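Spelled out, the chains give:
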Amino acid sequence: LDALFALGKPVLYDLDDLLIDLPVTNPHRAEYESCLPFIVSCLERSTAVSVSTGELAKALRPYNRNIHLLPNLIDDALFHRRDRKPGGPVVIGYAGTPTHGADLEFISSALERIALKHGDRVAFRFLGCATGRLAALPGFSSLPFDPDYQSYARKLGESGIDIAVAPLADNPFNRCK
């Protein structure tokens, strides 16, 4: 990248996460802290930076004034949901990368109360991330995270999730999502 920057050509740096401020609970934090000087240098030397949210733009503006917002988009054609099977349990679920254990932790008590109250009328399915506490829920099942976008979309559609939860702990990293 130093050679690329030395050419004097325009460089666009694209980020969709606040990599300069990972939460202490993120399993990749130490790895990214060692990369922090490199990330900041790229931000500062790039001709422009594209980001996915306004909050991320605000967080990165001290490093580069030429920031452009390009919101995340999904390909709706890839996401198809199978019809719910009558008579089965209502499936409450989550889909996300394995870095979200702390985000899931603060809803664990609520899901445990739901399981106690509704018994086998509910089940819990997690794609990509689950904690040991959540794995102890009755009717729990999980699938590993699949980084292939098309495969992820297919698995999500086939997951049977009726009610999706998307908890995010309140921290700068998640506010930039």
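Scroll up to find the structure.
Fair warning: this is a prediction, and the values are worked out from it, not measured in the lab.

### Digging into the pattern of salt bridges
Link 1 in the chain: Within the structure shown, the criterion is met by nine salt bridges.
Link 2 in the chain: Between Lys155 and Asp146 there is a salt bridge, and its shortest N-O distance comes to 3.3 Å.
Link 3 in the chain: The exposure class of Lys155 is partly exposed, given its relative accessible area of 24%.
Link 4 in the chain: Looking at Asp146, the relative accessible area reads 16%, which means it is buried.
Link 5 in the chain: If you follow the salt bridges from partner to partner, you end up with Glu105, Glu112 and Arg133 in one network.

### Some words on the nonpolar core
Link 1 in the chain: Ranked by internal contacts, the top residues of the largest apolar core, which has 19 residues, are Tyr13, Leu18, Ile20, Leu43, Val51 and Leu60.
Link 2 in the chain: Elements with a contribution of two residues or more to this core: β1 (12-15), α2 (29-45), β2 (48-51) and α3 (54-60).
Link 3 in the chain: The dominant element in this core, judged by the number of residues it contributes, is α2, at four residues.
Link 4 in the chain: Setting aside chain neighbours within four positions, we find Leu18 in contact with Leu56, Ala59, Leu60, Pro172, Phe173 and Cys176.
Link 5 in the chain: Residues Tyr94, Ile107, Ala115 and Phe124 belong to the second largest nonpolar core, which totals twelve residues.

Cut-offs applied
Residues numbered from 1 in each chain as written. Predicted model: local features only at pLDDT ≥ 70, side-chain atom pairs only at ≥ 80, totals over all residues. Heavy atoms only, no water. Salt bridge = Lys/Arg side-chain N within 4 Å of Asp/Glu carboxyl O. Buried < 20%, exposed > 50% of the residue type's maximum accessible area, 1.4 Å probe, protein only. Core = buried A, V, L, I, M, F, W, Y, C linked by side-chain atoms within 4.5 Å. Helix = DSSP H or I, 4+ residues; strand = E, 2+ residues; numbered from the N terminus. Contact = heavy atoms within 4.5 Å.

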